[in-house]
Every structure is written in structure tokens, then in C-alpha cells.
Amino acid sequence: MSGHYIEFEKVRKSYGSGDAQINALYDASFHIDKGEFCILLGSSGAGKTTLLNMLGGMDSLTSGRIFFDGMEVSSFDKRKLTEYRRHDVGFVFQFYNLVPNLTALENVEIAAQLCKNPIPAADALNMVGLYERRNNFPAQLSGGEQQRVAIARALAKNPRLLLCDEPTGALDYVTGKAILKLLYDLSKKQGTTVVIITHNQAIAPMADRIIRIKSGMIISNEVNQDIIPIEQIEW
């Protein structure tokens, strides 16, 4: 391990065996540094979600090693993986995954109750500009508002690592840009390391680091020397 905040060392994820074996990830090696806003680019089926799930401790690997802040996540047992997911990692999904019969505030409070040093739910909603909507149910919120509640829920855990799986995939263009700006601004204000997986190559110029994956293999990992604000990006 070279001291990077996040590091994958020749990580492989295989399904099946023999002639029927499929490699979802093949010898994936890359690193991400602390506080970076990283975009992981790849087409559908490239292995992005598999990679994100392994980094988040939700899926096991076939071989290789995964490190986070000096800890070898790939060696954790079930108890340690649960603690890692609970205290260190926040997740934001494409389709929000909110509990429909709970208010926005209650949806965020669920996450805040799980960890050691949470941000109060009302404060987390305020961070995403939704404090005034705290008593609304998901069905009373727009898609963009629901995604902001989902981000607030992840932030309430006060995570060191925020993982986002196509967070703008279910949103329109204008709302999607607003969500990306929100995630970027929160990353810089909170110092949180953010990893977003997407197939939308147009948004790559806003990232500190751009990693490209194709057919289960990492094909590039570069620091972006010319960051463009999301407001100036069109697609």
C-alpha cells in the first residue's frame, strides 16, 4: 500500500467457474486521495456498480486487496464490514430509496441514529436546502427534492466517504446539474471524499479525479488539471 486514502490493488470479481466464468472486474488497480471529488466513468455493464459496492463493503471480492484510510477493507469480517458501512460510508442511490410513509426529516433521522457522531437530521436537511420541506412525505416532493433528502440522509451519518450510484440518472437536466453542484460544494465544505459513478462523460470535467473503466478493467486514472464548474458544462 502506498499511503493513498483509497486504493484498489489488482481487484478481481468473478462469477461462475470454468468456461462459464465472468469477470465483472479484472485486476482493477487505482487510487483516490483524501477529499477528492472523483468521477468513475463507464458504460452500462462496465463494472462501475460492482466496484462501488466493493468499496462500500456491500460486496466481496474474488482476489486482490482494497484499502481505505490505512485499513484493509477486503480483510474485514462481517462485524467489521457492518461497522465500516455504518460509520465511515454514506450511500446515495439513483432511485433515492426513501421510506414512503416517513417524512423527509424522519427519513434522515433513521441514518443519524445508526452512527457515533451524526449531524442532526434537521441540520443535514438545511445543508441541502430542504429544511422548510422537512415535514413532507416523499410523494409530496419532486424527484430533485427526493434526491436531496437522500443526500441529506447520507450526510447525516457524517461519513468520511460518500458513494453515489448514478445520482442524477433519474433526474432532468437542470435538476441533475443542481444535484451535482450540491455534491461538489458539500465535498469541498465538509472535506468529504466523494466518488460518483456515471455513464455521462460530459460531467467528467468538474471532477478532481477521473477514472475510466471498460469491460471490468480500469483504463485510466487521472487528476484533472483544468476543473470546469458544473454551471459551465452542457450535455
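Rules and cut-offs
Per chain, the residues get numbers from 1 upward, laid out in the order the sequence is written. Given that the model is predicted, a residue must reach a pLDDT of at least 70 before its local features are reported, and side-chain atom pairs must reach 80 or more before they are shown or counted; all residues, however, enter totals for whole chains, interfaces and linings. Water and hydrogen atoms were dropped before computing side-chain values, which therefore reflect all heavy atoms in the structure. Where helices and strands are cited, they refer to DSSP runs of H or I of at least four residues and of E of at least two residues respectively, numbered from the N terminus. Computation of the radius of gyration draws on C-alpha atoms, with the globule rule given as 2.2 Å multiplied by the number of residues to the power 0.38. Any residue under 20% of the maximum accessible area for its type is buried, any over 50% is exposed, and the rest in between are partly exposed; the area is computed with a 1.4 Å probe on protein chains only. Residues count as neighbours in contact if any of their non-hydrogen atoms are within 4.5 Å of one another. Here the open area of atoms and residues is found with the Shrake-Rupley method and a 1.4 Å probe, where only the protein chains shown may cover a residue. Distance and chemistry together define a polar contact, namely a pair of N or O atoms within 3.5 Å, with one atom able to donate a hydrogen and the other to accept it when in protein, and with adjacent residues in sequence counting only for side-chain atoms on both sides. Between rings of Phe, Tyr and Trp, where Trp is taken as its six-membered ring, a pair exists when centres lie within 6.5 Å; planes separated by under 30 degrees are stacked, by over 60 edge-to-face, and by other angles tilted. Within this scheme, the nonpolar core is defined by two criteria: the residues are buried Ala, Val, Leu, Ile, Met, Phe, Trp, Tyr or Cys, and they are joined through side-chain atoms within 4.5 Å. When we speak of the arc, we mean the arc of directions from the helix axis to the C-beta atoms. Any two strands between which DSSP finds at least two bridges are classified as paired.

A. Fine view of the overall build of the protein. Looking only at helices and strands, the protein features 6 helices and 10 strands. In terms of overall size, the protein behaves like a compact globule, its C-alpha atoms giving a radius of gyration of 17 Å where 235 residues would be expected to give roughly 18 Å. For the protein, buried positions account for 49% of its 235 residues. Partitioning the intrachain contacts of the protein with sequence separation of at least 6 by distance along the chain shows that 71% fall at a separation of at least 24. With an accessible surface of roughly 11000 Å², the protein has 48% of that area assigned to carbon and sulfur atoms.

B. Region of the structure containing the environment of Lys-13. One can find Lys-13 in strand E1 (residues 6-15). As a C-alpha pair, Lys-13 and Gly-216 span 203 residues in sequence and 8.8 Å in three-dimensional space. In this structure, Lys-13 is in contact with Ile-22, Asn-23, Ala-24, Leu-25, Thr-50, Met-54, Asp-59, Ser-60, Leu-61 and Thr-62, ignoring residues within four places of it in sequence. Here Asp-59 takes part through its side chain, which lies 3.2 Å from a polar atom of the side chain of Lys-13.

C. Representation of the packing of aromatic side chains. Inspection of every chain in the model, using the stated rule, returns 7 aromatic pairs. Judged by centre distance (4.6 Å) and plane angle (25°), the ring pair of Phe-8 and Phe-30 falls under stacked. Here Phe-8, found in strand E1, pairs with Phe-30, found in strand E2 (residues 22-32); they are 22 residues apart in sequence, far enough to count as distant. With a relative accessible area of 1%, Phe-8 lands in the buried category. Considering the side-chain rings of Phe-37 and Tyr-184, the 5.0 Å spacing of their centres and the 70° angle between planes classify their relative orientation as edge-to-face. Of the two residues, Phe-37 is situated in strand E3 (residues 37-41) and Tyr-184 in helix H6 (residues 173-190); the sequence distance between them amounts to 147 residues. Under the relative-accessibility criterion, Phe-37 is labelled buried at 0%.

D. Summary view of the nonpolar core. Phe-37 and Ile-151 are the most contacted members of the largest nonpolar core, which totals 42 residues. Setting aside residues up to four positions removed in sequence, Ile-151 forms contacts with Val-92, Val-128, Ile-179, Leu-182, Leu-183 and Leu-186. One finds Ala-28, Val-89, Ile-197 and Ile-218 within the second-largest nonpolar core, a separate group that totals 29 residues.

E. How the structure looks around helix H3 (residues 104-112). Among all positions in H3, only Ala-104, Leu-105, Asn-107, Val-108, Ala-111 and Ala-112 are buried. For H3, the angular spread of the buried residues around the axis is 160°, confining them to a single face. Looking at the buried residues of H3, the elements they touch are helix H4 (121-127) and helix H5 (143-156).

F. Layout of the sheet that holds strand E4 (residues 63-68). Strand order in the open sheet formed by 4 strands is E2-E1-E4-E5, with antiparallel pairing between adjacent strands. The open sheet terminates on both sides in strands that have one partner only, identified here as E2 and strand E5 (71-72). Two strands pair when backbone bridges link them, and E4 and E5 are joined in this way by 2 bridges, in the antiparallel orientation. Residue pairing across strands places Phe-67 opposite Glu-72, the latter belonging to E5.

G. View of unusual backbone geometry. Not every positive phi belongs to a glycine, and Lys-10 is a case in point at roughly 45°. Examined against the element boundaries, Lys-10 turns out to sit in strand E1. With relative accessibility at 58%, the residue Lys-10 sits in the exposed group. Positive phi, close to 55°, is recorded for Asn-158, a residue that is not glycine. The topology assignment puts Asn-158 in the loop between H5 and strand E7 (161-165).

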